[in-house]
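Chain and residue survey
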Amino acid sequence: MKIRIEDAIAYGTALLVAQGVPDDIAANVAEHLVESDRVGYTSHGLSILPSYRKVLEKGLANGSARPTVMYDHGPMLAFEGNQGLGQHVGKVIMQQALERTREHGQCIVTLRNSHHLGRMGFYGEMAAHDGFILLAFTNVINREPTVAPFGGAQACMTTNPLCFAGPLPDGRPPFLVDMATSSIAVNKARVLAANGQQAPEGSLIDAQGNPTTDPNALFTDPPGALLPFGGHKGYAMGLVAELLAGVLSGGGTIQPARPREGAAMNNMFALLLDARVGFQADWRIQEVGAFIDYLHACKPQPGVDAVQYPGEYEAANRALNKHQIEFAPAIWDSLAKLGGELNVSLPASAD
């Protein structure tokens, strides 16, 4: 099913408004979700709205909530998310942090108790568009852990993503790293299980702590666990994200004294920098461009078209889906069912 971009955003907005979400919040969430679909991350796109409905119905997220300032000291900001829908909360606090970066050349921002922030690369692109560098760490609370610590036989952590983004010279797409610290995502394991496919070696353990390539091991009772990417290195990065985001924000960590009600709540610690402030700004721009040229000139491996830097994948998909996006039948059926239940008319097909 192919849908025009503007129609997809309007449909997502209408689905949320039908659940009592204010128009502006619904529009921010829908825009974020559709942009995730455009750049190739359907797991964080409109397909997530049926699960959001369950969270809203249970009162585990507040569709009308807006972020509030807890601390404001020039280039340092701290926000309370009030369990609001994260794509709106994240956009609002990032806009304020960007304004402070314009004023001070830098900004440290924390956020606690936001519902799922969505694709962190969205905020990285906001920063890069303004000419700034973003380094963000996020942890996940209020749900059961899914990732085992290095050497552990059961899940004690979550996927704890990190995001790094910044502008590149000469009209290149921004540099953008948006990655979980687990070997694969939970949704990836779910898709593999549904399709009868195996998970990559080294990505999972079963409920007894034994290595497995069966993605169904993650959904048994008791469940298995994802493993950190890169062994002890990914584990260490996951801990960094847990502590920076959970402790410095005041939102807490995944430790068992905190509630686990089944709805992902995010805390975040982020640093924004204006690299044009200070010494040798022109040299920095030239050096970054030369380094990217150097990577692009690398001879690719057999079967690989070209060496790319992080961010080119998203840019290529955005160009491919400039005017419309295509939904897989199963995803569209789920969205159409949700529309029927909420009395929201389906958008016209772009086919």
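An unreviewed UniProt entry lists the protein under the name Lactate dehydrogenase, with Bordetella genomosp. 4 given as the organism. According to the UniProt record, the Sequence similarities (unreviewed entry) comment for the protein reads "Belongs to the LDH2/MDH2 oxidoreductase family."

Bridging between strand 2 (residues 68-73) and strand 3 (residues 76-80) involves five bridges; their strand directions are antiparallel. Across the sheet, His 73 pairs through a bridge with Met 76, a residue of strand 3. Where strand 2 hands over to strand 3, the hairpin turn is made up of two residues, of which Gly 74 adopts a positive phi near 60 degrees.

Think of interface size as the accessible area that goes away when the parts come together; that is how it is often given. Each assigned domain of the protein is listed here: domain 1 (1-58 + 311-350), domain 2 (66-180 + 233-276) and domain 3 (183-227). In this structure, domain 2 and domain 3 have C-alpha centres spaced 26 Å apart. Taken residue by residue, the interface counts eight residues in domain 2 and nine residues in domain 3. Interface area, domain 2 with domain 3, both sides summed: about 540 Å², of which 67% is carbon and sulfur. For the domain 2 face of the interface with domain 3, the top three residues by lost area are Thr 146, Ala 148 and Ala 153, together amounting to 57%. Counting across the domain 2 and domain 3 interface gives zero salt bridges. On the surface where domain 2 and domain 3 come into contact, there are two residue pairs in polar contact (both at pLDDT 80 or more). Per-class residue counts for the side of domain 2 that touches domain 3 are four nonpolar, four polar and no charged.

Side chains of Met 70, Tyr 71, Met 76 and Ile 108 sit close together on the surface and give an oily, nonpolar patch of about 340 Å² of accessible area. Residue class for Tyr 71 comes out partly exposed when judged on its relative accessible area of 40%.

Tallied over the entire structure, the rule returns 18 salt bridges. Ionic pairing is found between Arg 53 and Glu 341, a salt bridge with its closest N-O pair at 2.4 Å. Of the two residues, Arg 53 sits in helix 3 (residues 49-57) while Glu 341 sits in helix 10 (residues 329-342), which places them 288 residues apart along the sequence. Judged by its relative accessible area of 18%, Arg 53 falls in the buried class. You can call Glu 341 partly exposed: its relative accessible area is 42%. In this structure, the salt-bridge partner of Asp 170 is Arg 172, at a minimum N-O distance of 3.4 Å. On the basis of relative accessibility, which here comes to 17%, the residue Arg 172 falls in the buried class. Salt bridges sharing partners connect three or more residues here, namely Glu 35, Arg 38, Arg 119, Glu 125 and Arg 318.

Let's shift gears to the pairing of strand 4 (residues 106-115). As defined by bridge partners, strand 3 adjoins strand 4 across five bridges and the pair is classed as parallel. Note that in strand 4 the partner of Glu 80 across the bridge is Arg 112. Chirality of the crossover, the property in question, places the unit of strand 3, helix 4 (residues 86-104) and strand 4 among those that are right-handed. With eight bridges joining them, strand 4 and strand 11 (residues 265-273) adopt antiparallel strand pairing. Residue pairing for strand 11: His 115 is matched across the bridge by Met 265.

Turning our eyes to something else, we now look at the sheet that holds strand 8 (residues 204-205). Pairing between the strands of a sheet is mediated by backbone hydrogen bonds and can be parallel or antiparallel. Pairing is antiparallel in the open sheet, where three strands are placed in the order 9-8-10. Strands with a single pairing partner mark the edges of an open sheet, and in this sheet they are strand 9 (211-212) and strand 10 (225-226). In this sheet, strand 9 lies alongside strand 8 in antiparallel orientation, the contact comprising two bridges. Residue pairing across strands places Leu 204 opposite Thr 212, the latter belonging to strand 9.

The final tally for this structure, using the stated rule, is seven aromatic pairs. Measuring from ring centre to ring centre gives 5.5 Å for Phe 327 and Trp 332, while their planes differ by 35 degrees; the resulting arrangement is tilted.

Counting residues in hydrophobic clusters, the biggest one holds 29 residues, and the most contacted among them are Leu 46 and Leu 49. At the level of secondary structure, the elements contributing two or more residues to this core comprise helix 1 (5-17), helix 2 (23-38), helix 3 and helix 10. Residue contacts for Leu 49: discarding those within four places in its chain leaves Gly 12, Leu 15, Leu 16, Leu 33, Leu 335 and Leu 338. Val 89, Tyr 123, Met 126 and Ala 127 belong to the second largest nonpolar core, which has 25 residues in total.

Each value, and the rule that gives it
- Residues numbered from 1 in each chain as written.
- Predicted model: local features only at pLDDT ≥ 70, side-chain atom pairs only at ≥ 80, totals over all residues.
- Heavy atoms only, no water.
- UniProt positions renumbered as here; feature names shortened; annotations may be inferred.
- Pairing = 2+ DSSP bridges.
- Helix = DSSP H or I, 4+ residues; strand = E, 2+ residues; numbered from the N terminus.
- Domains from an automatic or database assignment.
- Contact = heavy atoms within 4.5 Å.
- Buried area = accessible area lost by both parts, 1.4 Å probe.
- Salt bridge = Lys/Arg side-chain N within 4 Å of Asp/Glu carboxyl O.
- Polar contact = N/O pair within 3.5 Å; in protein donor to acceptor, adjacent residues only side chain to side chain.
- Nonpolar A, V, L, I, M, F, W, Y, C, P; charged D, E, K, R; others polar.
- Patch = residues over 30% accessible without salt bridge, like charges linked within 9 Å, V, L, I, M, F, W, Y side chains within 5 Å.
- Areas by Shrake-Rupley, 256 points an atom, 1.4 Å probe, with all protein chains shown as cover.
- Buried < 20%, exposed > 50% of the residue type's maximum accessible area, 1.4 Å probe, protein only.
- Right-handed = clockwise from strand over helix to strand, strands pointing away.
- Phe/Tyr/Trp six-rings, centres within 6.5 Å; stacked < 30°, edge-to-face > 60°.
- Core = buried A, V, L, I, M, F, W, Y, C linked by side-chain atoms within 4.5 Å.

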